[in-house]
Amino acid sequence: MSLRIVVCVKYVPDATGDRHFADDLTVDRDDVDGLLSELDEYAVEQALQIADEADDAEITVLTVGPEDAKDALRKALSMGADKAIHVEDDDLHGTDVIGTSLVLAKAVEKAGYDLVITGMASTDGTMGVLPAILAERLGVPQVTLLSEVKVEDGKVTGRRDGDSASEQLEASLPALVSVTDQSGEARYPSFKGIMAAKKKPVESWDLSDLDLDAEEVGLEGAYTVVESAAQRPARTAGTVVKDEGEGGKQLAEFLAGQKFI
Ligand SMILES: Cc1cc2nc3c(=O)[nH]c(=O)nc-3n(C[C@H](O)[C@H](O)[C@H](O)COP(=O)(O)OP(=O)(O)OC[C@H]3O[C@@H](n4cnc5c(N)ncnc54)[C@H](O)[C@@H]3O)c2cc1C
């Protein structure tokens, strides 16, 4: 039977762009270009390597995001994933991590899976907590922060590198793993891959397809609220210490004045 891999990928605002808050204190996504979260490219890469080793495997990439999030799916398809699912609904506006994990859990269940792969964190929210919440909602083992991952004999195994030790971990399928940026360079899409991606299926689901009500997600369903936000103050010119014999002393005085020493 085919190994069904679902890779969760996030479409994130370009970190090099100038980001702003909208009036309701959510991120103004219309204001900035987006892209596939770089850390999720590692998740796609690991899925492709696992599929290469398997007799038969199918990789579905899944995103919850606005209309433009299709760009992130296309990139993952051009890397080699087989098909994509885009969950999009106006009522998702303002959904926090609890709501996002609920939507992803429903979508993963509807898609069908043996293995869910996520990145270690998104490059915008960077909470790194979604994989654990998603595994809990699915009721499957979670093996997080892997720098090496393999699937064999109905089990997923992997290595988690900590500061003082490396752990070898194992879980029976179905399971969820998250992979780190140490798991192996993500491939660039080839020209052939980019052309092939145009013909790969992308399904669009909304909340009703997932039997979810608007009140369970969006700002209304969010457990976290941004109460205020202010523009970061403009950078001021630095202090130049000119060494005319007293440079060291002046430097120490400056650092003491800033309470660094
Ligand atoms: C239209 C829309 C509006 C939103 N508005 C808000 C808001 O106003 N306030 C707020 O707090 N949050 C909002 N979110 C949710 C937020 O952007 C994050 O998706 C969510 O909070 C997860 O947090 P994180 O990015 O820190 O996840 P992390 O835990 O850092 O992510 C880890 C991994 O989970 C997976 N993942 C995370 N998010 C997604 C996703 N959306 N789709 C697929 N895989 C994913 C990726 O594999 C990622 O590498 C919104 C989301 C959408 C789609």
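Residues numbered from 1 in each chain as written. Predicted model: local features only at pLDDT ≥ 70, side-chain atom pairs only at ≥ 80, totals over all residues. Heavy atoms only, no water.

A. Representation of the UniProt feature "domain: Electron transfer flavoprotein alpha/beta-subunit N-terminal" (unreviewed entry) in the chain in the model. UniProt annotation of "domain: Electron transfer flavoprotein alpha/beta-subunit N-terminal" (unreviewed entry) refers to residues 24-214 when read in the numbering used here. Between the first and last C-alpha atoms of residues 24-214 the distance is 17 Å; the span itself is 30% helix and 28% strand. (UniProt positions renumbered as here; feature names shortened; annotations may be inferred. Helix = DSSP H or I, 4+ residues; strand = E, 2+ residues; numbered from the N terminus.)

B. Structural view of the site of the ligand. Taken together, 28 residues lie near the ligand, and Cys8, Lys10, Asp40, Thr95 and Ser122 sit nearest. Backbone polar atom of valine 64 to a nitrogen atom of the ligand: 2.9 Å apart, as the coordinates give it. At a separation of 3.3 Å, a nitrogen atom of the ligand approaches a polar backbone atom of glycine 94. If the ligand stood free it would expose 890 Å²; the protein chains cover 90% of that surface. Broken down by secondary-structure element, the contributors of at least two residues to the shell around the ligand are strand E4 (57-64), helix H3 (97-111), strand E6 (115-119) and helix H4 (130-138). Considered class by class, the residues forming the shell around the ligand number 12 nonpolar, 12 polar and 4 charged. (Near = heavy atom within 4 Å. Polar contact = N/O pair within 3.5 Å; in protein donor to acceptor, adjacent residues only side chain to side chain. Areas by Shrake-Rupley, 256 points an atom, 1.4 Å probe, with all protein chains shown as cover. Nonpolar A, V, L, I, M, F, W, Y, C, P; charged D, E, K, R; others polar.)

C. Representation of the packing of aromatic side chains within the structure. In this structure the tally under the stated criterion is 0 aromatic pairs. Sitting over the ring of tryptophan 205, lysine 110 keeps its end group 5.0 Å from the ring centre. (Phe/Tyr/Trp six-rings, centres within 6.5 Å; stacked < 30°, edge-to-face > 60°. Lys NZ or Arg CZ within 6 Å of the ring centre and 35° of its normal.)

D. Just the layout of surface pockets, in detail. Taken as a whole, the second largest pocket holds about 450 Å³ of empty space. Leu3, Ile50, Ala54, Val151 and Glu152 are the residues nearest the centre of the second largest pocket, which is lined by 19 residues in total. If you list the elements that add at least two residues to the lining of the second largest pocket, you get helix H1 (38-53) and strand E8 (148-152). A total of 5 residues in the lining of the second largest pocket trace back to one element, the largest contributor, which is E8. Its residues assigned to classes, the lining of the second largest pocket shows 7 nonpolar, 4 polar and 8 charged. (1 Å grid on protein atoms, 1.4 Å probe; cavity = no way out; pocket = protein on both sides within 12 Å on 5 of 7 lines; lining within 4 Å. Points joined across faces, edges and corners; volume = space filled by probe spheres on them.)

E. Expanded view of the sheet that holds strand E7 (residues 142-146). Pairing is parallel in the open sheet, where 7 strands are placed in the order E7-E11-E6-E1-E4-E5-E12. The open sheet has two edge strands with one neighbour each: E7 and strand E12 (202-205). For this sheet, the mean inter-axis angle between neighbouring strands, taken without regard to orientation, is 20 degrees. In the sheet, strand E5 (residues 83-87) pairs with E12 via 4 bridges, with the strands oriented parallel. Across the sheet, the residue bridging to isoleucine 85 is glutamate 203, located in E12. (Pairing = 2+ DSSP bridges. Axes fitted to C-alpha atoms, helices over the stretch in contact; angles between N-to-C directions.)

F. View of the nonpolar core. One finds Ile5, Val7, Val44, Ile59, Val61, Ile117 and Val177 to be the most contacted residues of the largest nonpolar core, which totals 37 residues. The element best represented in this core is H1, accounting for 8 residues. Core analysis: the second largest hydrophobic core is formed by 28 residues, Leu92, Leu102, Leu134 and Trp205 among them. (Core = buried A, V, L, I, M, F, W, Y, C linked by side-chain atoms within 4.5 Å. Buried < 20%, exposed > 50% of the residue type's maximum accessible area, 1.4 Å probe, protein only.)

G. Fine view of the packing of H1 against helix H2 (residues 70-79). Contact geometry of H1 with H2 gives a least axis separation of 10 Å together with a crossing angle of 35 degrees. The interaxial crossing formed by H1 with H2 has right-handed handedness. The residues of H2 that touch H1, namely those facing Glu41, Val44, Glu45 and Leu48, are Lys75, Ala76 and Met79. Considering only residue class, the contact of H1 with H2 consists of 4 nonpolar, no polar and 3 charged. (Left-handed = near helix turned anticlockwise from the far one by under 90°. Contact = heavy atoms within 4.5 Å.)

H. Molecular detail of the pattern of salt bridges. Summed over the entire model, instances satisfying the criterion amount to 12 salt bridges. With a closest N to O distance of 3.9 Å, lysine 83 and glutamate 58 form a salt bridge. Here the residue lysine 83 occupies a position in strand E5, and glutamate 58 occupies one in strand E4, the gap between them amounting to 25 residues. Among the residues examined, lysine 83 registers a relative accessible area of 25% and is labelled partly exposed. With a relative accessible area of 33%, glutamate 58 lands in the partly exposed category. The shortest N-O distance in the salt bridge between glutamate 148 and arginine 159 comes to 3.0 Å. Highlighted residues: glutamate 148 in strand E8 and arginine 159 in strand E9 (residues 155-161), separated in sequence by 11 residues. For arginine 159, a relative accessible area of 25% corresponds to the partly exposed category. A single salt-bridge network, built from bridges that share partners, covers Glu148, Arg159 and Asp161. (Salt bridge = Lys/Arg side-chain N within 4 Å of Asp/Glu carboxyl O.)

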